[in-house]
Amino acid sequence: MERMRRARNAMLAFYYVFTACGAVFCLRRDASLYNVLLAAAAFALPLVPYLLYRLAHLRPVYLLEIVFDAFVLAAVPFASLFGGYDFVPYWDKILHFLSGFLFAVLGTVVYFSCKPGHQLERADAFNASLYTWMFAMMSAVLWEIWEYIVSQSGADPQQVAATGVGDTMQDMIVCTLGGLITAASCWKYLQHTGEKRHVGLMMRLFEAYYRENIRKL
């Protein structure tokens, strides 16, 4: 636990140094209101886990925080502030693909948090996997709705002017694919118990949260 806490703190320090450099780079190039809000969001996003801990009375899960901060760093400071979207091919699609994994893990957490008794049982394999996949697809749809709302301010995160609906559909497809892979991992994970249980990265994230905040309910 202490080792993970130190790793989280190191990740957080790197995140804020990188974000500060990205904010300066971005605002010197174009100090528009949109970019100011983008930089502010980049600094605020790592606080989301802390707010959730306080509001829901949860115990910290440092592994999840590290993964969350790494994803946010790739999605906002690197991609938006430093312009990573422009010089890394398909970076937008890679991020949406990875978001499918992360939201699918969140779906698994929600499923077992709501299940009476909160036990990890083989009988849950199909329902939990399906719920996990549907949760990832829902996140893709809600994100595209959010981008559409943002587009009304004058920005064009969906690239409607350049691609029509193509970009939106590709974003939802790759997120759905990431969710499907995690759902398959969830199904395989619940099919076995003990030493025979297969624990990939996504299920390891789920296990970390389950151990700290669900099993003790």
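To keep things clear, this report deals only with the structure shown in the data block. This is a predicted model, so every value here is computed, not measured.

1. Digging into the overall build of the protein
In terms of helices and strands, the protein carries ten helices and zero strands. Mapped in sequence order, the helices and strands of the protein form the string α-α-α-α-α-α-α-α-α-α. Here the protein holds 217 residues, and the buried ones make up 41% of them. Pairs at least 24 residues apart make up 70% of the contacts formed inside the protein by residues separated by at least 6 positions. With an accessible surface of roughly 12300 Å², the protein has 69% of that area assigned to carbon and sulfur atoms.

2. A word on the packing of aromatic side chains
Any pair of aromatic rings gets described here by the distance separating the centres and the angle formed by the planes. In the structure shown here, the tally under the stated rule is 15 aromatic pairs. Plain terms: the ring middles of Y16 and F43 are 6.1 Å apart, the flat faces sit at 10° to each other, and that makes the pair stacked. In this pair, Y16 sits in helix α1 (residues 2-29) while F43 sits in helix α2 (residues 33-44), placing the two residues 27 residues apart along the sequence. Here F43 falls in the partly exposed class, since its relative accessible area comes to 32%. For the pair F97 and F101, a centre-to-centre distance of 5.0 Å together with 90° between the ring planes defines the contact as edge-to-face. Of this pair, F97 and F101 both sit in helix α6 (residues 91-114), four residues apart, which is roughly one turn of the helix. With relative accessibility at 25%, the residue F97 sits in the partly exposed group. F101 gets classed as buried once you look at its relative accessible area, which sits at 15%. Members of the aromatic cluster, connected to one another through ring pairs, are Y111, F112, Y131, F135, Y189, F206 and Y210.

3. Observations regarding the environment of S113
Turning to its location among the elements, S113 is positioned in helix α6. Spatially, the C-alpha atoms of S113 and I214 are 5.9 Å apart, while their sequence positions differ by 101 residues. Once residues within four sequence positions are removed from consideration, S113 is found in contact with H118, Y209 and I214.

4. What about the nonpolar core?
F112, L120, L190, F206 and I214 are the most contacted members of the largest nonpolar core, which totals 21 residues. Of all the elements in the fold, those that place two or more residues in this core are α6, α7 (125-151), α9 (166-190) and α10 (201-214). The element best represented in this core is α10, accounting for eight residues. In contact with F206, other than residues within four places in its own chain, are V105, T108, V109, F112, L120, Y189 and I214.

5. Section: unusual backbone geometry
A positive phi angle, near 55°, is found at H57, a position not held by glycine. Mapped onto the elements of the fold, H57 is located in the loop between α3 (48-56) and α4 (62-81). Relative accessible area serves as the criterion here: at 72%, H57 is assigned to the exposed category. At H118, a position not held by glycine, the phi torsion is positive, near 60°.

6. A word on the pattern of salt bridges
Evaluated as defined, the whole model comprises eight salt bridges. Between E2 and R6 there is a salt bridge whose closest N-O contact spans 3.8 Å. Of this pair, E2 and R6 both sit in helix α1, separated by four residues, roughly a single helical turn. Of the charged contacts in the structure, one is a salt bridge between K115 and D124, with a shortest N-O distance of 2.5 Å. With respect to burial, K115 and D124 carry one shared label: buried. The network of salt bridges with common partners includes E2, R5 and R6.

Reading guide: rules and limits
Residues numbered from 1 in each chain as written. Predicted model: local features only at pLDDT ≥ 70, side-chain atom pairs only at ≥ 80, totals over all residues. Heavy atoms only, no water. Helix = DSSP H or I, 4+ residues; strand = E, 2+ residues; numbered from the N terminus. Buried < 20%, exposed > 50% of the residue type's maximum accessible area, 1.4 Å probe, protein only. Contact = heavy atoms within 4.5 Å. Areas by Shrake-Rupley, 256 points an atom, 1.4 Å probe, with all protein chains shown as cover. Phe/Tyr/Trp six-rings, centres within 6.5 Å; stacked < 30°, edge-to-face > 60°. Core = buried A, V, L, I, M, F, W, Y, C linked by side-chain atoms within 4.5 Å. Salt bridge = Lys/Arg side-chain N within 4 Å of Asp/Glu carboxyl O.

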